[in-house]
Amino acid sequence: MVATSKTYKNLYKIYLKRSINLKLYQKLGIFFLVVVISGFAGWCYEVLVALLENGSFYMRGGNLLPWINIYAIGALLIIPTTYKFRQNPLIVFLFSALVTGALELFAGWLIYTITGSRLWNYDHDIWLIGSIDGHVCLLSILIFGIFSLALVYLIVPALIILSNHLSRHTFLVLAITLFSLVMIDELTNLCLSATHHPTAVDFYKSHGIKYSSKNP
């Protein structure tokens with residue numbers, strides 16, 4: 001157990017120095033799991049915010065599964081853009097906050113411009129500080145920066161360790177299965193929405209579950 005602990009510590013140091021060599025299956029599996037975990041973490045965050053603001057549970061996101069795509073996109077942007085700064089958490093935090101803030105601002109503006117609707121809106125009291133037309137605010141940027149630290153320094157290294165601990169077959173089956181479930185759910189809902197058929201949102205509403213497409 002001691003030897004294993006030392007091995008993991010050395011692996012973590014190599015990761016921070018950007019000199020770790022991963023096999024193709026490890027990179028692929030980690031990519032899939034980052035998509036799943038980050039989207040799920042974003043869903044948990046939004047449900048918690050709704051709970052704190054309203055005192056009750058609100059379903060978030062547009063899928064049947066607890067997963068929100070913009071958080072996965074943000075995570076996939078953070079990992080390569082902070083690659084060179086892993087040994088400096090402050091730079092990772094600031095750069096991640098900038099990247100995720102820009103993503104949220106652009107996505108919010110694009111959705112509003114194309115559809116005329118908002119999937120989130122920070123123009124109310126608790127989120128008002130630094131709000132840019134309700135698409136992004138200072139507090140959300142800071143929170144995303146903190147989440148990014150967890151991604152870079154906890155989640156990705158843990159997935160690297162997991163990929164070394166499990167056999168290639170087991171690791172790939174785990175990663176591909178979870179990723180496939182999320183993608184099938186996402187694509188199904190997009191197709192249903194595009195063809196004006198009932199979506200996951202309609203399913204939740206029909207079962208009496210509170211749902212909000214915006215920050216409540």
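## Details of the side chain of S56
Considering the arrangement of structural elements, one finds S56 in the loop between helix 2 (24-54) and helix 3 (69-81). Accessibility expressed as a relative area gives 17% for S56, which makes it buried. Of the polar contacts made by the side chain of S56, one reaches the side chain of K210; its length is 3.2 Å. Discounting chain neighbours no more than four positions away, the residues touching S56 are A50, L51 and K210.

## Points about the packing of aromatic side chains
Evaluated as defined, the whole model comprises 14 aromatic pairs. Ring centres 6.4 Å apart and planes at 50° place the aromatic pair F31 and F179 in the tilted group. Placement of F31 in helix 2 and of F179 in helix 6 (residues 168-194) is noted, with a sequence separation of 148 residues between them. Among the residues examined, F31 registers a relative accessible area of 37% and is labelled partly exposed. For F179, a relative accessible area of 17% translates into the label buried. Centre to centre, the rings of F203 and Y204 are 5.7 Å apart; their planes meet at 70°, and the pair counts as edge-to-face. Each member of the aromatic cluster is reached from another via a ring pair, and the members are Y45, Y71, F144 and F147. In this structure, R118 packs its charged tip against the face of Y112, placed 4.8 Å from the ring centre. The positively charged end of R168 is found above the aromatic ring belonging to Y25, 5.9 Å away from the centroid.

## Some points on the pattern of salt bridges
Counted under the stated rule, the structure contains two salt bridges. Taking the shortest distance from any N to any O, the salt bridge between E46 and R60 comes out at 2.7 Å. Placement of the pair is E46 in helix 2 and R60 in the loop between helix 2 and helix 3, with a sequence separation of 14 residues. Its relative accessible area of 2% is what places R60 among the buried residues. R118 is the salt-bridge partner of D133, the closest N and O atoms lying 3.5 Å from each other. In this pair, D133 is assigned in the loop between helix 4 (89-115) and helix 5 (138-165) and R118 in the loop between helix 4 and helix 5, connecting sequence segments 15 residues apart. A relative accessible area of 17% means that R118 is categorised as buried.

## As for the nonpolar core
Of all hydrophobic cores here, the largest spans 27 residues; its most connected members are Y15, I30, V34, L151, V152, V156 and I160. Every element with two or more residues in this core is listed here: helix 1 (2-16), helix 2, helix 3, helix 5 and helix 6. When residues of this core are assigned to their parent elements, the largest contribution, seven residues, is made by helix 2. For L151, the residues in contact, after removing those within four places along its chain, are V34, A75, I78, I79, V156 and P157. In terms of nonpolar packing, the next biggest core, distinct from the first, is built from 18 residues, M59, I68, W120 and C137 among them.

The rules we used
Note on numbering: residues in each chain are counted from 1, in written sequence order. Confidence filtering applies because this is a predicted model: local features only for residues at pLDDT of at least 70, side-chain atom pairs given and counted only at 80 or more, and all residues used for totals across whole chains, interfaces and linings. Water and hydrogen atoms play no part in the side-chain values, which are based on all heavy atoms of the structure. What counts as a helix is a DSSP run of H or I of at least four residues, what counts as a strand is a run of E of at least two, and both are numbered from the N terminus. For the exposure calls, accessible area comes from a 1.4 Å probe over protein chains only, and a residue counts as buried if that area is under 20% of its type's maximum, exposed if over 50%, partly exposed in between. Two N or O atoms count as a polar contact when they lie within 3.5 Å, although within protein this holds only if one can serve as hydrogen donor and the other as acceptor, and sequence-adjacent residues are included solely when both atoms are side-chain atoms. Residues count as neighbours in contact if any of their non-hydrogen atoms are within 4.5 Å of one another. Centres within 6.5 Å make a pair out of two Phe, Tyr or Trp rings, where for Trp the six-membered ring is used; the pair is then stacked when the planes are under 30 degrees apart, edge-to-face when over 60, and tilted otherwise. Counting as a charge over the ring demands two things of the Lys NZ or Arg CZ atom: a distance within 6 Å of the ring centre and an angle within 35 degrees of the ring normal. The working definition used for a salt bridge is a side-chain nitrogen of Lys or Arg within 4 Å of a carboxyl oxygen of Asp or Glu. Joining through side-chain atoms within 4.5 Å is the link that ties buried Ala, Val, Leu, Ile, Met, Phe, Trp, Tyr and Cys residues into a set, and such a set is a nonpolar core.

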